[in-house]
Amino acid sequence: MKSQPLNRTRSSWFFHGRMACTVLALVLGIASVSAQKEKISHAGDVKPMDESQLRREVELAQNILATLIKQQFDERTYVPLEMSVSYQSGYGLTFSMPSSYLLPIVLMGGGGNGIYSEPAMTVRSRNYATTSVPALTETTTRDPREVVKLEDAKTRQRRSDLDSAREAYTQRIIDAARIFMADFSDIFTQLPASEKIIVTNQGNQPRTLAGQYFGAQPVAYVSVEATKSDMVSHKQGKGTRQQALDKIKVINAEVVRTVEPDLELLSSIFTRLYRVDLAKTYFVEQQVYFDRLRDFGVVYYMQTLSTTQRSYTSFDVPTLGLEDVDLPTRNKKVAELYPRFEEELKENILEYGRTVKALGNDESLIFKVNITPCPDCGIPASLEVSIKGSVLKEYQAGKITKDAALGKFILKKGSIQ
């Protein structure tokens, strides 16, 4: 079901550290609901959703979550945090933070309880001589092979420290999210009891290609989610707070860098399939890259486009063979292409994804798509499509029909553009 954007607001908060503090915006991108949309109340009555009230509740919730995250860190530590909030009717509220390659690097506390501090570097002369080792004299030159070994050891230690920093950061975000859900879910009076509250580090903007080609390691794939009814039950005398905490589902999946040929092949297939000369709806110009997540599945990332721009007022829609069209015509065509793109993407995932042997039955094949920019077109800014490995294998073996398999896809849509 479609969601629509509420007005975007920004709030800023500081984490203090030894280095200069930065104003960090919390971006609210919650999708609105039309006045005619209905929700089910706790008593089972049908009542219209109050859009303005939902907006107020979400603005309050983002400040609460930001404060809870802040409380997980030392005062001297600051954490860059950009958060977007989206609502999808029938699914729930999603609080998203980007999975950034740079985030752990800037987590530098003032020692003590600081998350991570970069060790001081020793400056050496070009002939590898050093005075930092007592055993050496001014006339002694260190063997270059020993220097290489020493530097390798320090590099491994720095990587280990950075890994520890990432793990600590991730766990603190998870802890804050669990407190937020267990103690503050009841503020969402406009959210149906059957819908979810999700906090994730998988924002609408997929990670850059830098991590794929320059070795930067991303933060783990994190998702914390719970159903509203499970979270508010203990406040209604129907259970304990601990029972509510136990019902929160946490995914903290490690990104694996092992080479798996069938996953590489699927990336290549979709990169080629959605090039402008073969695409039928939206197309890609960059590679469709992926993250392999241990015991969770595979996430593929796509950035789609729909048009090329000739001038400020003139556009081409290459997959439709249209040239030199004005902006209203361009937007109309882009909006018309979206349903076809969504359906075609599911069919392609089903057709080519079933050949992925590396996927376990309980693991998921996920495509996270940044939808082509088109302000005021009424299409989502992002789309996440997922399916279980067991479904792909059943379809491959002929145990279920194509229509049955297509019906098992899970779709999550971002804010409406």
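All of these numbers come straight from a predicted model, not from anything done at the bench.

What counts, and where the lines are drawn
- Residues numbered from 1 in each chain as written.
- Predicted model: local features only at pLDDT ≥ 70, side-chain atom pairs only at ≥ 80, totals over all residues.
- Heavy atoms only, no water.
- Helix = DSSP H or I, 4+ residues; strand = E, 2+ residues; numbered from the N terminus.
- Expected span 1.5 Å × (residues − 1).
- Bend = angle between axes of the 7 residues up to and from the residue.
- Buried < 20%, exposed > 50% of the residue type's maximum accessible area, 1.4 Å probe, protein only.
- Contact = heavy atoms within 4.5 Å.
- Polar contact = N/O pair within 3.5 Å; in protein donor to acceptor, adjacent residues only side chain to side chain.
- Core = buried A, V, L, I, M, F, W, Y, C linked by side-chain atoms within 4.5 Å.
- Axes fitted to C-alpha atoms, helices over the stretch in contact; angles between N-to-C directions.
- Left-handed = near helix turned anticlockwise from the far one by under 90°.
- Nonpolar A, V, L, I, M, F, W, Y, C, P; charged D, E, K, R; others polar.
- Pairing = 2+ DSSP bridges.
- Salt bridge = Lys/Arg side-chain N within 4 Å of Asp/Glu carboxyl O.

### Side note on helix H7 (residues 327–353)
Relative to the 39 Å expected for 27 residues at 1.5 Å per residue, H7 spans 36 Å between its end C-alpha atoms, a close match to the ideal helical length. Largest kink in H7: about 30 degrees, centred on Tyr338, with the proline Pro339 one to four residues after it.

### Quick word on unusual backbone geometry
For Asp295, which is not glycine, the phi dihedral falls at a positive 60 degrees. Within the fold, Asp295 resides in the loop between strand S14 (289–293) and strand S15 (297–305). The exposed category is assigned to Asp295, whose relative accessible area is 68%. With phi around 55 degrees, Asp324 is a residue other than glycine that occupies positive phi space. Asp324 sits in the exposed class, given a relative accessible area of 51%.

### Describing the environment of Lys412
With respect to the helices and strands, Lys412 occurs in strand S21 (residues 410–413). For Lys412, a relative accessible area of 25% puts it in the partly exposed group. Sequence spacing of Lys412 and Tyr91 is 321 residues, and the spatial spacing of their C-alpha atoms is 7.9 Å. Once residues within four sequence positions are removed from consideration, Lys412 is found in contact with Gln88, Tyr91, Ser382, Leu383 and Glu384. Side chain to side chain, Lys412 and Tyr91 meet in a polar contact 2.9 Å long.

### Here's the deal with the nonpolar core
Ranked by size, the top nonpolar core spans 41 residues in total, and within it Tyr300, Leu345, Ile349, Leu365 and Leu383 carry the most contacts. Of all the elements in the fold, those that place two or more residues in this core are helix H6 (261–273), S15, strand S17 (315–317), H7, strand S19 (364–370), strand S20 (382–388), helix H8 (389–396) and helix H9 (402–406). Considering every element that reaches this core, the biggest residue donor is H7, with seven residues. Non-local contacts of Leu345, meaning those with residues more than four positions away in its chain, are made with Phe270, Tyr274, Met302, Val369, Leu383 and Val385. Leu54, Tyr169, Met181 and Val199 belong to the second-largest nonpolar core, a separate cluster that totals 36 residues.

### Focus: the packing of H6 against H7
The geometry of H6 relative to H7 is characterised by a closest axis approach of 11 Å and an angle of 145 degrees between their N-to-C directions. Once H6 is placed against H7, the crossing between them reads as right-handed. Contacts from Leu266, Ile269, Phe270 and Leu273 of H6 reach H7 at Leu345, Asn348, Ile349, Tyr352 and Gly353. For the contact of H6 with H7, the residue count by class is seven nonpolar, two polar and no charged.

### Quick word on the pairing of strand S18 (residues 322–325)
In the sheet, S17 pairs with S18 via two bridges, with the strands oriented antiparallel. If you follow Val317 over to S18, its bridge partner there is Leu322. Here S17 folds back onto S18 in antiparallel fashion, the turn holding four residues, of which Gly321 has a positive phi close to 70 degrees.

### A few points about the pattern of salt bridges
Oppositely charged side chains can form a pair if their charged atoms are brought close together. Per the stated rule, a full pass over the model turns up 18 salt bridges. Linking Arg310 and Glu323 is a salt bridge whose minimum nitrogen-to-oxygen distance equals 3.5 Å. Of this pair, Arg310 sits in the loop between strand S16 (308–309) and S17 while Glu323 sits in strand S18, and the two are 13 residues apart along the sequence. A residue is classified by how much of its surface remains accessible, and Glu323, at 57% relative accessible area, is exposed. For Arg354, the salt bridge identified is with Glu351, shortest N-O distance 2.9 Å. Since its relative accessible area comes to 34%, Glu351 is described here as partly exposed.

### Overview of the side chain of Thr307
Turning to its location among the elements, Thr307 is positioned in the loop between S15 and S16. You can call Thr307 buried: its relative accessible area is 15%. Within the structure, Thr307 has its side chain in polar contact with the side chain of Arg330 (distance 3.1 Å). Residue contacts for Thr307: discarding those within four places in its chain leaves Phe283, Phe315, Asp316, Val317, Pro318, Arg330 and Val334.

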